[in-house]
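# Notes for the structure review
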Amino acid sequence: MNGKNISGFGKLSLSLVFSFLYVPILILIAYSFNASKLVTVWGGFSKQWYTVLFNDDAVVSAFGLSLQIALLSSAMSVVLGILAGLVLARFGPFQSKSLFAGMITAPMVMPEVITGLSMLLLFVEMQQWFGFPAERGVLTIWVGHVTLCMAYVTVVIRSRLVEMDRSVEEAAMDLGARPLKIFFQITLPIIAPAIASSLLLAFTLSIDDLVITAFLSGPGSTTLPQLIFSRVRLGLNPEINALATITVLAVTVLVIGANRVMVKAELRRVRLAAAT
Amino acid sequence: MMNRLLSLRDSREAAARGARRSLRWQRALPRGRSLVTAVPYGWLLLFFLLPFLFVLQISFSEVEIASPPYRALVTRAEDALHIALNLGNFTYIFGDPLYFDAYLGSLRMAAVTTLICLLIGYPVAYTIARAPEAKRNTLLMLVMLPFWTSFLVRVYAWMGILDNEGLLNHLLLSLKLIDAPLALMHTQLSVQVVMVYAYLPFMILPLFSNLVKLDGRLLEAAADLGCKPWKSFLTVTLPLSKNGVIAGSMLVFIPAVGEFVIPELVGTPESLMIGKVLWMEFFDNNNWPMAAAVTIVMVALLLVPIVYLHKREEKSLARAAKH
Amino acid sequence: MKSFETNLAYSAGAHNAKPYLQIVDVVKKFGDHTAVDHLNLSITKNEIFALLGSSGCGKSTLLRMLAGMETPTSGKIILDGEDITHLAPYERPINMMFQSYALFPHMSVAKNIAFGLKQDGLPRGEIDERVEGMLELVQMKKYAHRKPFQLSGGQQQRVALARSLAKRPKLLLLDEPLGALDKKLRQQTQLELVNLIEQVGVTCIMVTHDQEEAMTMAGRIGIMSEGQLLQVATPGEIYEHPNCRFTAEFIGETNLFGGHVIEDEPDFVRVQSTELPRPVRIGHGITGTLGMPVWLSLRPERVGVTRRQPVSHGNWAAGTVSDIAYLGGFSIFHVRLDTGKVVKASVPATRWREEAAPIWDEPVFVSWADNDAVVLTQ
């Protein structure tokens, strides 16, 4: 569909939704610079909450743990997701392929309390049977996040593989390249933008996850979302405003940057398609 | 004669070589493929499917003061196996109005959230899909940006607004629209507003990707045949976007049923949502069998929509693969 | 039957030279659907052969089996004495130019051409040399470092050709080679492509649904329908002497009349058709029996249109002009006979120098010579 201009009704609905989406976030950012301890009363401009935040050891160490888990689980989920995407998009039908496809989509929509609880019970049983994993912590959280993230990664990679022109791979095979070589020299470079965006997606999902983490974390491992949650439960807290502001800014920069790169890649793809 | 014999032998050898190579090829390829399949498949079987069997098992167990806090279903005593199936958790769930209300309340909350998201999301998705190509990407990114930011942060943002001492009450008071602060926080309304806020992008994205594929010439054809814009919307656009509507609704409804964070942070203590019940049974009451039983009933409720969504997505992917 | 004899002569010619590629009784089934049905074909070295058929006739499946993308359900493919039926695509000395060109979007023109050579592990110097040669051959030297999306359709086609020729394959496959180009460019490129292929001296099989492309480029054409080869012959032979109704109707335009043999002499036959007022005389004998049902194929350009009743022989009919399609150099007259049958006649503009062309509803006569109608027995 391509229209020429946005209608009046369209402009109205867009501006309403954008203010609905952004006003709460802007207020949140504004009050992170509030001098008053009362979050809802403006007491002048101050950067004190950022100082408090950076000196808060609990926050700093929780952030470190979250970052570590997010890097590890996004890397693994991208590997698994590419494999799963290949299976679903490129391999012919095999027995129980639909079960596989079903298990891929389910974690995406399944309420996280369900996924979290069931995985926890698995680990408890495993510990009783094999004594492993000995305790809940980074490893168990990592497994949970990988399972959640690989579903998203698979969906992104799979749809890219499905729309990719397969004759390019066939041409490589025709010119003497073996399947493994085709995958690394042809398929991977072509779907690289999709891989990058799914990596970003997996990273943000993992670093943001609270519910699955809550079930799978042990006493020694508190991630940033868990820390925020425990503080927010007690009420409004200007330090959290400061933390939220940093999160929002980081994500905005990351997403806009990634989007630019993707738009460029997309443009090239479109131009190629138009030229042929 | 000799030459002919030699060449014959050569070609035979070549053929045999070819056969050997092809055999190796045919053997090697499936092995590589089954390995590629086995890794993600095994992961999901172990970490996604198997856990549900344990949930099912433990839901038939009884709570015990032990670690882990449930009684094993199968015990060995005096060289005999004892299997104790306990249906108590389920009879409790179906008997106690607390659970029943929680399930009903969650389903209702999810349904209303889905409906509101659809009503807000459709015009937005439609507008973005019809926007000039240059603007489309930016607009879509603006819609999706909040989705990329932390879920907790987005919920927290509303806490400051909806708080009884919060900004909205301040604003209304200073505008003299109200005399006393309204009780906005910890109500059904606050849960509803935040639910819509959090789940809206899940509705807009599938709607957009469906609507953007709609051929604008269809609407021109409808107009050419004398169809008024709103009528061509009802008779052309809406039916053609059915798949997007269904996908978006499912993506909002299914996870919304089990939502925990929002009712926990902005919800009422009295009217519970089932995700919160599960959490409380597990973390506060330490009643793992009960939490497992609550999970099983929730999975049973959600299985049909999940399978339905999955089948639809598979079908549309298969169609995309054909083109 | 003349067409049969000439056919024999041509296939004998093909068999005299040693077959380079042999397709022996190949069958390909997809589930219940038989895409290629017990097909046999021999191709000699340095031949340009076109598989011509409408979409879904199995020609692309056959090509993909030659490339190794599909494996035959049964049958054998032998190239230069080697049975390649079960070789993987990357093990075959065969290269293909894909319909969409399938250029690697992330590689430059030179890298695209070098790709196949790298797979063979050739030394760098030789790769560079051969890439250089290929670029020169297709006149793309200037664009060596461009990416595919920076090229026009015609340039992309030349890169794709260079890439598939770079490995000096024993067999070159072209899948709808010019299908992605617009019509004007296509006509110009057809002969260019043939010249290049002949210059390199490679055996070539192309698949196309465009009869003009097949007739311009190929030495021999195979007409495919429902997984079978109906006729294999030179373009001229296929046009002038189709061996069945399908071929006659598929290649060019024709008028078909159903009938049966009423007189069968060694040097002529007569065919009676209910769609024509009088028996048609054919100036040669056929291998058939008296009374057998046949079809007559009469090309529009063989049909004359006159105002005066033709004399001498019986190959004529009276009718009225029901439609005229003016095409510049010639016009197509649709003449409705008294039997109701409409006969198409393609008449060159030069025919109407002495007299004015007939107009709509004008009574006219159509006529043809003894050897103009082709007798089809199937």
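Residues numbered from 1 in each chain as written. Chains lettered and ligands numbered in written order. Predicted model: local features only at pLDDT ≥ 70, side-chain atom pairs only at ≥ 80, totals over all residues. Heavy atoms only, no water.

## With respect to the overall build of chain C
Counted only if it meets this: Here a strand is any run of E in DSSP of at least two residues, a helix any run of H or I of at least four, and the numbering for each starts at the N terminus. Here the term buried applies to any residue with accessible area under 20% of the maximum for its type, exposed to any over 50%, and partly exposed to those in between, with areas from a 1.4 Å probe on protein chains only. Contact criterion: two residues are considered in contact whenever any of their non-hydrogen atoms come within 4.5 Å of each other. Each accessible area value is a Shrake-Rupley result obtained with a 1.4 Å probe; residue values ignore everything except the protein chains displayed when judging cover. None of His or the chain ends enter the tally, which takes Lys and Arg as positive and Asp and Glu as negative. A charged residue contributes its charge at one atom only: NZ of Lys, CZ of Arg, CG of Asp or CD of Glu.
Scanning chain C for helices and strands turns up 9 helices and 20 strands. By the burial criterion, 54% of the 378 residues in chain C qualify as buried. Within chain C, contacts between residues at least 6 apart in sequence are counted, and of these 66% link residues at least 24 apart. For chain C, the accessible surface area stands at approximately 16,600 Å², while carbon and sulfur atoms represent 50% of it. Positive and negative side-chain charges of chain C, numbering 39 and 43 respectively, have mean locations separated by a distance of 7 Å.

## Some points on the domain arrangement of chain B
Our working definition: A domain assignment, automatic or from a database, supplies the domain bounds used here.
The assigned domain composition of chain B is domain 1 (16-52) and domain 2 (93-322). Centre-to-centre separation of domain 1 of chain B and domain 2 of chain B, based on C-alpha positions: 40 Å.

## Description of the UniProt feature "domain: ABC transmembrane type-1" (unreviewed entry) in chain B
Defined as follows: UniProt positions are given in the numbering used here, feature names are shortened, and annotations may be inferred rather than shown by experiment.
Residues annotated in UniProt with the feature "domain: ABC transmembrane type-1" (unreviewed entry) correspond here to residues 103-309 of chain B. Split by type, residues 103-309 of chain B is 79% helix and 0% strand. Its first and last C-alpha atoms lie 21 Å apart.

## A word on a nonpolar patch on the surface
Definition in use: Distance thresholds for patches are 9 Å for like charges and 5 Å for nonpolar side chains (Val, Leu, Ile, Met, Phe, Trp, Tyr), applied to residues having over 30% relative accessible area and no salt bridge. Criterion for a salt bridge: a side-chain nitrogen of Lys or Arg within 4 Å of a carboxyl oxygen of Asp or Glu.
A surface patch of nonpolar side chains, about 540 Å² in accessible area, is lined by Trp129, Phe130, Phe132 and Leu139 of chain A. Structurally, Phe130 of chain A is set in helix H5 (residues 112-130).

## What to know about the pairing of strand E4 (residues 74-79) of chain C
All names here are of chain C. Using the following cut-off: What makes two strands pair is DSSP finding at least two bridges between them.
As judged from the 5 bridges shared by strand E1 (residues 19-30) and E4, these two strands associate in the antiparallel manner. Bridging from a neighbouring strand, Val24 pairs with Lys76 of E4. As paired elements, E4 and strand E5 (residues 82-83) share 2 bridges and run antiparallel to each other. Following the sheet pairing, Ile78 is matched in E5 by Asp83. The hairpin formed by E4 and E5 contains 2 residues between the paired strands, and Asp80 there has a positive phi angle of roughly 50°.

## So, helix H5 (residues 151-162) of chain B
Residues and elements named next belong to chain B. What counts, and what does not: By definition here, a helix of n residues has an expected span of 1.5 Å times n minus one.
The terminal C-alpha atoms of H5 lie 17 Å apart, and with 12 residues this matches the ideal 16 Å at 1.5 Å per residue to within 8%. Burial analysis of H5 places 12 of its 12 residues in the buried class, which makes it a mostly covered element. For H5, the set of buried residues is Phe151, Leu152, Val153, Arg154, Val155, Tyr156, Ala157, Trp158, Met159, Gly160, Ile161 and Leu162.

## Remarks on the packing of aromatic side chains
For clarity, the cut-off: Side-chain rings of Phe, Tyr and Trp (the six-membered ring for Trp) are treated as a pair once their centres are within 6.5 Å; stacked means planes under 30 degrees apart, edge-to-face means over 60, and tilted covers the remaining angles. Two limits define a charge over a ring: the Lys NZ or Arg CZ must be within 6 Å of the ring centre, and within 35 degrees of the ring normal.
Counted according to the given criterion, the structure contains 33 aromatic pairs over all chains. The interplanar angle of 70° and the centroid separation of 6.3 Å between the aromatic rings of Phe229 of chain A and Trp279 of chain B together place this pair among those described as edge-to-face. On the criterion of chain membership, the pair formed by Phe229 of chain A in helix H10 (residues 224-232) and Trp279 of chain B in helix H12 (residues 274-284) is interchain, its members lying in two chains. Classification of Phe229 of chain A as buried rests on a relative accessible area of 4%. Accessibility expressed as a relative area gives 5% for Trp279 of chain B, which makes it buried. Across the ring face of Trp295 of chain C, the terminal group of Arg245 of chain C is positioned such that the distance to the ring centre comes to 3.9 Å. Positioned above the aromatic ring of Phe268 of chain C, the side-chain terminus of Arg281 of chain C is 4.4 Å from the ring centre.

## A word on the sheet that holds E1 of chain C
Residue and element names in this part refer to chain C. Worth spelling out the cut-off: In this analysis, axes come from line fits to C-alpha atoms, helices being fitted only over the stretch in contact, and the angle between any two N-to-C directions falls in the range 0 to 180 degrees.
One open sheet accounts for 4 strands, arranged E2-E1-E4-E5; its pairing is antiparallel. Lying at the two open borders of the sheet, with one neighbouring strand each, are strand E2 (33-44) and E5. The strands that helix H2 (residues 59-67) touches are E1, E2 and E4; relative to E1, the one it contacts most, it runs at about 120°.

## Some words on the domain arrangement of chain C
All names here are of chain C. Selection criterion: Two parts placed together each lose some accessible area under a 1.4 Å probe, and adding up what both lose gives the buried area.
Split by domain assignment, chain C resolves into domain 1 (2-93 + 169-248) and domain 2 (253-376). On a C-alpha basis, the centroid separation for the pair domain 1 and domain 2 is 33 Å. The interface is formed by 9 residues belonging to domain 1 together with 11 residues belonging to domain 2. When the buried surface of domain 1 facing domain 2 is broken down by residue, Tyr239, Arg245 and Ala248 rank first, second and third, together holding 58% of it.

## Some remarks on the packing of helix H5 (residues 153-165) of chain C against helix H6 (residues 183-200) of chain C
All names here are of chain C. Filter applied, for reference: Here is the rule for angles: anything less than 35 degrees is roughly parallel, anything more than 145 is roughly antiparallel, 65 through 115 is roughly perpendicular, and the remaining ranges are oblique. What makes a crossing left-handed is the near helix being turned counterclockwise from the far one by less than a right angle; a clockwise turn instead makes it right-handed. Here the term charged refers only to Asp, Glu, Lys and Arg, the term nonpolar to Ala, Val, Leu, Ile, Met, Phe, Trp, Tyr, Cys and Pro, and the term polar to all other amino acids, Gly among them.
Where H5 contacts H6, the axes come no closer than 12 Å and their chain directions differ by 20°. The orientation of H5 with respect to H6, classified from their angle, is roughly parallel. Crossing of H5 over H6 shows right-handed handedness. Contact residues: Gly154, Gln157, Arg158, Leu161 and Leu165 in H5; Leu185, Thr189, Glu192, Leu193, Leu196 and Val200 in H6. Residue classes in the contact of H5 with H6 are distributed as 6 nonpolar, 3 polar and 2 charged.

## Quick look at the confidence of the model for chain C
Residue and element names in this part refer to chain C. Note the threshold: Scored from 0 to 100, pLDDT reflects the predictor's confidence in each residue.
Confidence along chain C averages 89 in pLDDT terms, with 95% of residues attaining 70 or more. When pLDDT is averaged over each helix and strand of chain C, the minimum, 43, is found for helix H1 (residues 2-16) and the maximum, 95, for strand E3 (residues 48-52). Here residues 1-15 scores under 50 on pLDDT; set against residues more than four positions off or in separate chains, the count is 22 contacts.

## Things to note about the state of the cysteines
Chemically, a disulfide is nothing more than a covalent bond linking the sulfur atoms of two cysteines. All names here are of chain C. Counted only if it meets this: Only a pair of cysteine sulfur atoms within 2.5 Å qualifies as a disulfide here.
The final tally for this structure, using the stated rule, is 0 disulfides over all chains. No disulfide involves Cys204; its nearest neighbouring cysteine sulfur is the one of Cys57, lying 17 Å away. For Cys204, a relative accessible area of 0% gives the class buried.

## Considering the environment of Cys149 of chain A
All names here are of chain A. Relative to the helices and strands, Cys149 resides in helix H6 (residues 138-163). A relative accessible area of 0% means that Cys149 is categorised as buried. Residues Cys149 and Thr204, spaced 55 residues apart in sequence, show a C-alpha to C-alpha distance of 9.4 Å. Excluding anything up to four places from it in sequence, Cys149 contacts Ser77, Ala202, Leu205 and Ser206.

## Thoughts on the interface of chain B and chain A
In this assembly, 99 residues from chain B lie in contact with 97 residues from chain A. Each partner contributes to the roughly 8,700 Å² buried at the junction of chain B and chain A, and carbon and sulfur atoms together form 79% of this total. Of all residues in chain B, Trp43, Trp148 and Tyr156 of chain B give up the largest surface area on contact with chain A, accounting jointly for 10% of the area buried on that side. Linking chain B to chain A there are 2 salt bridges. With 21 residues, helix H1 (residues 2-59) of chain B is the largest single contributor of residues to the side of chain B that touches chain A.

## Here's the deal with the environment of Thr320 of chain C
Residue and element names in this part refer to chain C. Position of Thr320 relative to the elements: it lies in strand E16 (residues 316-326). Thr320 sits in the partly exposed class, given a relative accessible area of 31%. Counting along the chain gives 62 residues from Thr320 to Gly258, while the straight-line C-alpha distance between them is 21 Å. Setting aside its immediate chain neighbours within four residues, Thr320 contacts His334, Val335, Arg336, Asp361, Glu362, Pro363 and Val364.

## Brief notes about the confidence of the model for chain B
In the predicted model, chain B carries a mean pLDDT of 82, and 86% of its residues have values of at least 70. Predicted confidence for residues 1-27 of chain B stays below pLDDT 50, and this span has 17 contacts to residues more than four positions away or in other chains.

## Focus on unusual backbone geometry
Residues and elements named next belong to chain C. With a phi angle near 50°, Ala102 is a residue other than glycine that sits in the positive phi range. When you line up the elements, Ala102 lands in the loop between strand E6 (94-97) and helix H3 (109-119). Exposure remark for Ala102: the relative accessible area of 2% places this residue in the buried category. Within the chain, Asp361 stands out as a residue other than glycine whose phi angle is a positive 70°. For Asp361, the location among the structural elements is in the loop between strand E18 (342-348) and strand E19 (363-367). The exposure class of Asp361 is exposed, given its relative accessible area of 61%.

## Remarks on helix H3 (residues 97-130) of chain B
Stated precisely, the cut-off is as follows: N or O atoms closer than or at 3.5 Å make up a polar contact, with two conditions inside protein: a donor-capable atom paired with an acceptor-capable one, and, for residues adjacent in sequence, both atoms drawn from side chains.
Taking 1.5 Å as the rise per residue, H3 of chain B with 34 residues should run 50 Å; its terminal C-alpha atoms sit 48 Å apart, in good agreement. Where H3 of chain B begins, the side chain of Asp96 of chain B points an oxygen toward the backbone nitrogen of Leu98 of chain B, at a separation of 2.8 Å.

## Description of the UniProt feature "transmembrane region" (unreviewed entry) in chain B
All names here are of chain B. Listed under "transmembrane region" (unreviewed entry) in the UniProt record, and renumbered for this structure, are residues 41-60, 107-126, 138-159, 189-208, 244-262 and 288-309. The span residues 41-60 is 95% helical and 0% strand by assignment, and the distance between its end C-alpha atoms comes to 28 Å. The span residues 244-262 carries 84% helix and 0% strand; its end-to-end C-alpha distance comes to 26 Å.

## Description of the side chain of Ser167 of chain A
You can see Ser167 of chain A is positioned in helix H7 (residues 166-174). On the basis of relative accessibility, which here comes to 11%, the residue Ser167 of chain A falls in the buried class. Those residues in contact with Ser167 of chain A that lie beyond four places of it in its chain are Phe98, Ser100 and Ala102 of chain C.

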